[in-house]
Amino acid sequence: MFSLPWLELSRFKRHTITRLAMVVIAVIPAIYGGLYLASNWNPTDNLDKLQAAVVNEDTGAEKPNSDGESLHAGDELVDEITPKGEGGFDWTETSQEEADEGLAEGKYFAILEIPKGFSKNLVSTGGDDPERAGLQLRTDDAHNFIVGQVANTVLTEIKSGLNKTTTAEYVSEVYVGFNDIHSQTEKAAKGASDLHDGASELHDGTGSLVDGTTKLDKGVGTLQTGIIDLDDGTGKLVKGSGDLKDGADTLADSTTEAKNGSKKLADGAGQVADGTGQLRDVADDATDKADDLKKRADDLVDGTRPKLERAEDDFETARTSVNGDVDDRVKKLKEKYPDDPDVAKLADDVDTLGGDLDDAHSRAKDAKDEAKDLEDRVKDAVDDVMGKIHDADKKIGQLDDGAQEVATGADDLHSGLVKLDAGAGKLAKGAGDLNDGIVQLKDGTAKAKTGVGDLKDGSSQLVDGSTKLDKGAGKLEDGSGDLADGLEDGLKQIPTYDKNDREHRSDVVAVPVDADKVKDNAVNAYGEGLAAFFVSLALWIGGMITYMVLNAIPYRALASSVSSTRIAWAGYVPGLLFGAAQVAVLYLVLTFALDFSAGAWVGTLLFSILVAACFHSVHQLCVAALGGVGRLIALVLLMIQIASAGGTYPVQTAPGIFQAISPFLPMTHAVNGLRTLIAGGDMFIAAQSAVVLLLMTLICLAATVVVCARKRMVTLTQLHPSLSL
């Protein structure tokens with residue numbers, strides 16, 4: 001079974017060049033696939049090797065509601081992207097002129113232009129007239145188109161970052177605004193609650209006001225009646241005050257006259273008082289003298305009466321002595337000397353003396369009695385006189401006292417009348433003023449009557465107004481209660497955010513849709529993702545190279561009796577072996593040169609050998625059937641398969657014709673199977689692809705057998721081909 005294929009391969013052992021040809025056949029796919037994959041292995045991670053310019057003309061702007069805090073977004077953006085590897089490209093801040101020259105010369109692959117109003121437009125999102133902050137990224141397709149496409153991605157990422165930052169900041173301000181709204185609404189709710197309490201008190205007050213205004217209206221009615229009466233009374237009072245004014249004037253005149261009269265009276269009373277004073281002194285002196293005289297009279301009476309009594313007694317004694325002893329002795333002497341004339345005379349004298357003594361005694365007694373009577377009368381008279389004198393002195397004293405009092409009273413009267421006159425003058429003036437005031441009062445009461453009428457109308461309107469106000473206060477109480485309840489309910493619905501929560505929510509709202517890319521069966525690098533296509537492409541190229549060096553079939557065997565199947569097999573097995581070698585070399589290069597890895601190494605290697613086997617069968621068939629034309633057809637198939645295999649972009653993005661033929665081309669299934677095995681996906685797809693490739697291989701081999709059978713017959717065309725490649 002393998003003798004004929006081994007024979008076919010043994011001819012390459014004859015010369016060094018043929019042996020090198022075998023090596024080249026095995027290495028070519030590895031070179032092709034390795035170079036292509038190496039060049040496309042991870043280009044996006046090497047963008048930092050491309051120089052780009054950033055022109056920052058932003059002048060900054062003041063943030064709204066920030067107390068002077070400014071934003072320099074242009075500088076921040078430059079600081080963010082210019083560090084090596086941070087902004088996609090190797091950004092260099094430069095001037096506009098230098099950037100333009102660099103882009104034209106190919107020094108810079110892109111220019112990011114930050115305009116002057118960049119920060120101003122960014123902060124405008126928090127103002128009344130928000131504007132978009134524009135960035136401009138310029139590239140030059142004359143130097144590289146792909147870089148322009150990649151630059152768009154870089155610009156999109158920059159814009160996303162800025163939008164996220166700006167939106168987060170804006171949303172943060174919004175959340176701060178929510179806190180402010182919550183705070184203000186809380187104040188409003190408290191105010192509404194206070195308003196409700198106030199409205200309740202107002203309603204109570206307006207109820208009281210209604211009662212008060214009603215009472216006021218009644219009171220004003222009473223006042224109106226009273227004012228009317230007062231007006232009438234003041235009319236009368238005007239007349240009375242006029243009379244009072246006249247009377248006060250008259251009184252003032254009278255008091256003036258009385259004052260003048262009292263002056264005279266005071267002067268006269270003073271003079272009388274002086275006279276009564278002198279009279280009192282005289283009366284007192286007379287009384288003293290009368291008292292002295294009475295004393296002397298009393299002394300005289302008192303002295304006379306004992307003398308008279310002693311005289312009576314003396315006369316009694318003398319008379320008794322004369323009439324007794326003397327007479328007896330005279331009688332005795334007469335009897336003794338009856339003739340004695342002297343004795344007789346003495347007796348006669350004694351008798352006469354006795355008679356005289358009796359008479360004297362009688363007179364003395366009478367004088368005593370008369371003296372006593374006189375004494376009593378004198379005493380009574382003196383007492384009466386003295387009583388009258390004392391009484392007169394007393395009365396004179398009283399008169400003097402009265403005169404003094406009269407004088408004092410007259411002075412007081414005069415002083416009083418002076419004051420009275422002054423008071424009467426003031427009274428007259430006051431009465432005049434009173435009259436004038438009452439006249440004015442009359443005018444005032446007339447006006448008051450009119451005003452009270454207006455007040456009555458006003459109080460009536462006040463009653464109506466207070467009633468309406470009371471109803472309004474009731475509605476205000478209900479409304480303020482509803483408002484307070486509504487604000488309380490609304491307050492519960494207004495969220496508040498602390499700093500951490502606000503930052504978290506700002507980040508979430510700034511990027512509400514998390515667009516993190518999650519890859520199932522992810523590959524490690526961009527080149528690893530393209531490995532299925534480039535490996536398939538390399539193996540296809542390998543098959544083409546193989547049958548450029550090898551014969552598709554051993555043509556000399558066609559002239560032998562070897563079956564066509566063995567002939568076809570003999571041409572296929574060397575190609576299959578080279579295909580396996582190509583697979584081995586290719587994966588060695590990818591693994592050690594590009595750090596390639598596969599999810600299922602064994603399956604990947606076996607499937608790759610199957611792919612190589614399929615591709616080689618196709619190339620064998622093309623070359624065996626058509627020779628050089630078959631190689632051209634293989635090249636055409638290569639181009640068709642590149643377009644329809646979906647190696648880079650899904651085949652659904654290709655035109656319909658490519659989508660239609662894609663399932664019938666081996667590279668499509670090779671790419672699908674390898675992609676699944678390398679990434680580690682659904683093995684059913686790999687198995688399905690393997691089955692399809694195996695069927696295609698068998699079909700191609702069967703077709704090659706048919707071709708070999710037909711090749712045994714030499715035709716004129718074979719002898720004289722119209723085209724030989």
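The rules behind each value
- Residues numbered from 1 in each chain as written.
- Predicted model: local features only at pLDDT ≥ 70, side-chain atom pairs only at ≥ 80, totals over all residues.
- Heavy atoms only, no water.
- Pairing = 2+ DSSP bridges.
- Helix = DSSP H or I, 4+ residues; strand = E, 2+ residues; numbered from the N terminus.
- Axes fitted to C-alpha atoms, helices over the stretch in contact; angles between N-to-C directions.
- Contact = heavy atoms within 4.5 Å.
- Patch = residues over 30% accessible without salt bridge, like charges linked within 9 Å, V, L, I, M, F, W, Y side chains within 5 Å.
- Areas by Shrake-Rupley, 256 points an atom, 1.4 Å probe, with all protein chains shown as cover.
- Salt bridge = Lys/Arg side-chain N within 4 Å of Asp/Glu carboxyl O.
- Buried < 20%, exposed > 50% of the residue type's maximum accessible area, 1.4 Å probe, protein only.
- Phe/Tyr/Trp six-rings, centres within 6.5 Å; stacked < 30°, edge-to-face > 60°.
- Parallel < 35°, antiparallel > 145°, perpendicular 65-115°, else oblique.
- Nonpolar A, V, L, I, M, F, W, Y, C, P; charged D, E, K, R; others polar.
- Left-handed = near helix turned anticlockwise from the far one by under 90°.
- pLDDT = per-residue confidence, 0-100.
- Polar contact = N/O pair within 3.5 Å; in protein donor to acceptor, adjacent residues only side chain to side chain.
- Expected span 1.5 Å × (residues − 1).
- Lys, Arg positive; Asp, Glu negative; His and termini not counted.
- Charge placed at Lys NZ, Arg CZ, Asp CG, Glu CD.

### A few points about the sheet that holds strand S6 (residues 136-139)
On the basis of which strands lie adjacent, the open sheet formed by four strands has the order S4-S1-S5-S6 and mixed pairing. Here the strands that pair on one side only, and so sit at the sheet edges, are strand S4 (90-93) and S6. Across the sheet, the mean angle from the axis of one strand to that of its neighbour is 25°, orientation sign disregarded. With four bridges joining them, strand S5 (residues 110-114) and S6 adopt antiparallel strand pairing. Bridge assignment links Glu113 to a residue of S6, and that residue is Gln136. Helix H4 (residues 96-105) contacts strand S1 (51-56), S5 and S6 of the sheet and is inclined by roughly 155° relative to S5.

### Let's talk about a nonpolar patch on the surface
Taken together, the side chains of Val691, Leu694, Leu695, Leu698 and Ile699 present a nonpolar region at the surface, about 470 Å² in accessible area. As for its placement among the helices and strands, Val691 is situated in helix H15 (residues 683-711).

### Topic: the environment of Gly432
Relative to the elements of secondary structure, Gly432 occurs in helix H7 (residues 341-493). Residue Gly432 is classed as buried on the basis of its relative accessible area, which comes to 8%. As for Gly432 and Leu244, which are separated by 188 residues in sequence, their C-alpha atoms are 8.3 Å apart. In contact with Gly432, not counting residues within four places along its chain, are Lys245 and Leu427.

### Considering the packing of aromatic side chains
For the structure on display, the rule yields seven aromatic pairs. An angle of 70° between the planes, with centres 5.3 Å apart, marks the rings of Phe533 and Phe534 as edge-to-face. For the pair shown, Phe533 and Phe534 are each scored as buried. With 6.1 Å between their ring centres and 40° between their planes, Trp569 and Tyr572 make a pair best called tilted. You can see Trp569 and its partner Tyr572 sitting in helix H10 (residues 564-594), three residues apart, about one turn around the helix. You can call Trp569 partly exposed: its relative accessible area is 23%.

### Side note on the packing of helix H11 (residues 601-626) against helix H14 (residues 666-679)
In contact at an axis separation of 9 Å, H11 and H14 are set at 170° when each is read in the N-to-C sense. Relative to H14, H11 is oriented roughly antiparallel. Judged by residue contacts, Gly603, Thr604, Phe607, Ser608, Val611, Cys614, Phe615 and Val618 of H11 engage Pro666, Met667, His669, Ala670, Gly673, Leu674, Leu677 and Ile678 from H14. Its residues placed into classes, the contact of H11 with H14 shows 11 nonpolar, five polar and no charged.

### Some points on the environment of Leu594
Along the chain, Leu594 turns up in helix H10. Owing to a relative accessible area of 14%, Leu594 belongs among the buried residues under this scheme. Linking Leu594 and Glu528, residues 66 residues apart in sequence, is a C-alpha distance of 9.0 Å.

### A closer look at the packing of H11 against helix H12 (residues 628-644)
Two quantities define a packed helix pair, namely the angle between the axes and the distance from one axis to the other. Where H11 meets H12, the closest approach of the two axes is 6 Å, and the angle between their N-to-C directions is 145°. Helix-helix and strand crossings are classified by hand; for H11 and H12 the assignment is right-handed. In contact with Val618, His619, Cys622, Val623 and Leu626 of H11, H12 contributes Gly628, Val629, Gly630, Arg631, Ile633, Ala634 and Leu637. A class-by-class count of the residues in the contact of H11 with H12 yields eight nonpolar, three polar and one charged.

### Here's the deal with the pattern of salt bridges
Under the criterion given, the structure shown has 10 salt bridges. In this structure, Lys456 and Asp217 form a salt bridge, with 3.2 Å as the shortest nitrogen-oxygen distance. Placement of Lys456 in helix H7 and of Asp217 in helix H6 (residues 145-336) is noted, with a sequence separation of 239 residues between them. Since its relative accessible area comes to 16%, Asp217 is described here as buried. In this structure, a network of salt bridges that share partners links the residues Asp100, Glu113 and Arg138.

### Some details on unusual backbone geometry
Positive phi, close to 60°, is recorded for Asp595, a residue that is not glycine. Examined against the element boundaries, Asp595 turns out to sit in the loop between H10 and H11.

### Quick notes on the confidence of the model for the chain
With 89% of its residues at a pLDDT of 70 or more, the chain shows a mean pLDDT of 80. Summarising per-element confidence for the chain, the mean pLDDT is lowest in helix H16 (residues 716-719) (60) and highest in H11 (92).

### Section: the side chain of Ser644
Relative to the elements of secondary structure, Ser644 occurs in helix H12. There is a polar contact of 2.7 Å between the side chain of Ser644 and the backbone oxygen of Ile640. Setting aside residues up to four positions removed in sequence, Ser644 forms contacts with Val651, Phe658, Ile661, Ser662, Leu665 and Thr668.

### Brief notes about H15
When the terminal C-alpha atoms of H15 are compared, their 41 Å separation across 29 residues agrees well with the 42 Å that a helix rising 1.5 Å per residue should span. Along H15, the residues classified as buried are Ala686, Ser689, Leu693, Met696, Thr697, Cys700, Leu701, Thr704, Val707 and Cys708. On its buried side, H15 packs onto H10, H11 and H14.

### Details of the environment of Thr214
Position of Thr214 among the secondary structure elements: in helix H6. Residues Thr214 and Asp464 lie 250 residues apart in sequence; the distance between their C-alpha atoms is 9.2 Å. Setting aside its immediate chain neighbours within four residues, Thr214 contacts Leu209 and Val463.

### Some remarks on a negative patch on the surface
There is a patch of like negative charges on the surface, built from Asp75, Glu76, Asp79, Glu80, Glu86 and Glu93. Sorting elements by how many residues they give to the negative patch places helix H3 (residues 73-81) first, with four residues. Mapped onto the fold, Glu86 is located in the loop between H3 and S4. Given a relative accessible area of 55%, Glu86 falls into the exposed group.

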